[in-house]
Amino acid sequence: MKTYNKILLSTCTFGSLRMLIGAISVVYMLSNGLNLSGLAFVKILQMIILFTLNIPISKIIDKYDRKKIYLLSIICACINLFILYYASFVHQNYIFYLAEIFNAFALLFYGNLYNAYLLDEYFKTEKKKDFHNILGKYNKFLYFGIAIFAGFGALLYFYIKEYLFLLASLCLFLLFIYSLIFLPKQINKKVFKKVNSKRTKVALRKILKNPILILSLILISAFYQIFIQYWQVLASAITYIKAHSYLFGLIFIISLLAQSLAGKIVQNITKIKAVLYAIFFLFFSLALSIFALSKNNIFLFLLSIAFIFFCLRLLMIYFSANAHKNITHHIRARFDGYINTSTTGLSAIFLLILSFALNKQNLSLIPFAGLALACLVFSLLIFKKKYRKY
């Protein structure tokens with residue numbers, strides 16, 4: 001097996017195993033002493049850690065062996081799940097904050113690392129930068145794996161309860177052993193040596209020659225972060241879904257499979273024309289969701305949700321892959337750090353605005369905001385001829 005495929009296998013397994021408890025984690029925390037306000041503070045703690053440490057952590061990732069950083073992310077996730085298992089015996093709120101700290105660091109290390117680790121190993125082996133191919137493959141397997149594990153975990157939880165968290169933690173430890181033995185090191189002195197400020201500025205200027213691409217990536221990623229927070233709120237506005245709560249799990253799995261399909265499709269997309277079609281399709285999907293909400297139609301709503309997640313994931317993969325073509329290896333993780341920080345900050349601002357603007361009567365504001373964003377990104381790409389090479 002090629003070395004980058006070993007990384008792909010390990011990282012996809014890591015993402016899938018973490019989501020073994022994804023469908024029931026909130027229910028579990030609430031049933032073990034955490035109230036709704038406490039849950040909100042747990043999420044705020046995660047956001048603060050991610051926002052403040054994204055860039056410093058990404059600089060560390062660019063300077064040291066990325067394999068070791070990845071192994072550290074697995075250990076942090078493993079500890080997070082074990083603490084959540086232990087929380088069932090303690091019933092104290094502080095235990096969830098402690099668990100979230102380890103979860104946040106797992107996300108920090110992994111979120112800023114996987115592109116750099118996978119893409120640099122791919123380029124080292126294949127000597128080409130068709131990054132849409134390898135990132136498409138990664139997302140295809142990742143979201144298919146998450147769909148399977150999340151569904152299986154939700155069913156298993158009814159039988160083994162808190163031991164599901166212990167099982168997930170043990171599986172991650174086994175993944176740590178596999179990764180420690182089989183994954184390649186990525187500690188080339190030429191790649192990881194400390195770069196001077198002049199070289200970094202040159203690299204950053206090269207990146208900033210493509211502001212439309214980067215801005216589009218940030219805007220689409222920010223809306224994705226907002227949509228994954230609010231799709232359940234939108235779904236609850238459909239009477240039939242609200243009356244049959246199991247449908248939330250079904251929608252979740254559908255959204256994951258749609259994103260897996262997006263990874264498969266984007267492997268064969270090389271021209272900006274296809275991306276423009278995807279943005280237009282996103283516009284149509286958002287409009288369909290507004291119509292479905294107004295008519296209280298479950299079938300149209302399910303269709304729109306699947307299409308929205310498909311389009312958002314496809315666009316995010318494409319923009320990220322093409323942005324990384326213009327990045328040198330010594331700042332690859334740092335670039336993702338800046339993107340992640342910008343996305344988190346913008347998402348927080350939008351979520352704050354929405355928290356004041358939303359109520360049960362104007363839930364359509366969310367897809368309307370998506371429509372405006374789709375129009376903006378489409379206009380940026382279509383009216384700037386010099387960026388059509390993407």
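The following refers to the structure shown. (Residues numbered from 1 in each chain as written. Predicted model: local features only at pLDDT ≥ 70, side-chain atom pairs only at ≥ 80, totals over all residues. Heavy atoms only, no water.)

In the contact formed by helix H10 (residues 211–236) and helix H12 (residues 246–266), the axes pass within 11 Å of each other and the chain directions differ by 145 degrees. The handedness of the crossing between H10 and H12 is right-handed. The residues of H12 that touch H10, namely those facing Tyr224, Trp231, Gln232, Ala235 and Ser236, are Phe248, Ile251, Phe252 and Gln259. (Axes fitted to C-alpha atoms, helices over the stretch in contact; angles between N-to-C directions. Helix = DSSP H or I, 4+ residues; strand = E, 2+ residues; numbered from the N terminus. Left-handed = near helix turned anticlockwise from the far one by under 90°. Contact = heavy atoms within 4.5 Å.)

Attention now moves to the pattern of salt bridges. Under the criterion given, the structure shown has 5 salt bridges. Across the pair Asp62 and Arg334 runs a salt bridge, and its minimum N-O distance is 3.6 Å. Of this pair, Asp62 sits in helix H3 (residues 36–63) while Arg334 sits in helix H15 (residues 332–357), and the two are 272 residues apart along the sequence. No difference in accessibility class separates Asp62 from Arg334, as the two residues are buried. As a salt-bridge pair, Asp120 and Arg66 come within 2.4 Å of each other at their nearest N and O atoms. Residue Asp120 is located in helix H5 (residues 93–126), and its partner Arg66 is located in helix H4 (residues 66–90); the two are separated by 54 residues in the primary sequence. Of the residues examined, Arg66 reaches a relative accessible area of 0% and is grouped as buried. (Salt bridge = Lys/Arg side-chain N within 4 Å of Asp/Glu carboxyl O. Buried < 20%, exposed > 50% of the residue type's maximum accessible area, 1.4 Å probe, protein only.)

This part is about a nonpolar patch on the surface. A contiguous nonpolar patch, built from Phe173, Leu174, Ile177, Leu180, Ile181 and Phe182 and spanning about 580 Å² of accessible area, is present on the exposed surface. Accessibility expressed as a relative area gives 33% for Ile177, which makes it partly exposed. (Patch = residues over 30% accessible without salt bridge, like charges linked within 9 Å, V, L, I, M, F, W, Y side chains within 5 Å. Areas by Shrake-Rupley, 256 points an atom, 1.4 Å probe, with all protein chains shown as cover.)

You will see that Lys161, though not glycine, has its phi angle at about 50 degrees, which is positive. Within the chain, Asn296 stands out as a residue other than glycine whose phi angle is a positive 55 degrees. Structurally, Asn296 is set in the loop between helix H13 (272–295) and helix H14 (298–324). Under the relative-accessibility criterion, Asn296 is labelled partly exposed at 34%.

Now for the nonpolar core. Counting 128 residues, the largest nonpolar core has Phe301 and Phe319 as the members making the most contacts within it. Looking at this core, the element that brings in the most residues is H14, giving 17 residues. (Core = buried A, V, L, I, M, F, W, Y, C linked by side-chain atoms within 4.5 Å.)

We now examine the packing of aromatic side chains. As enumerated under the stated definition, the model contains 23 aromatic pairs in all. Ring geometry for Phe82 against Tyr85: centres 5.9 Å apart, planes inclined by 50 degrees, an arrangement best described as tilted. With a gap of 3 residues between them, Phe82 and Tyr85 both fall in helix H4, about one helical turn apart. The buried category is assigned to Tyr85, whose relative accessible area is 12%. Centre to centre, the rings of Phe281 and Phe307 are 4.9 Å apart; their planes meet at 50 degrees, and the pair counts as tilted. Of the two residues, Phe281 is situated in helix H13 and Phe307 in helix H14; the sequence distance between them amounts to 26 residues. Since its relative accessible area comes to 30%, Phe281 is described here as partly exposed. (Phe/Tyr/Trp six-rings, centres within 6.5 Å; stacked < 30°, edge-to-face > 60°.)

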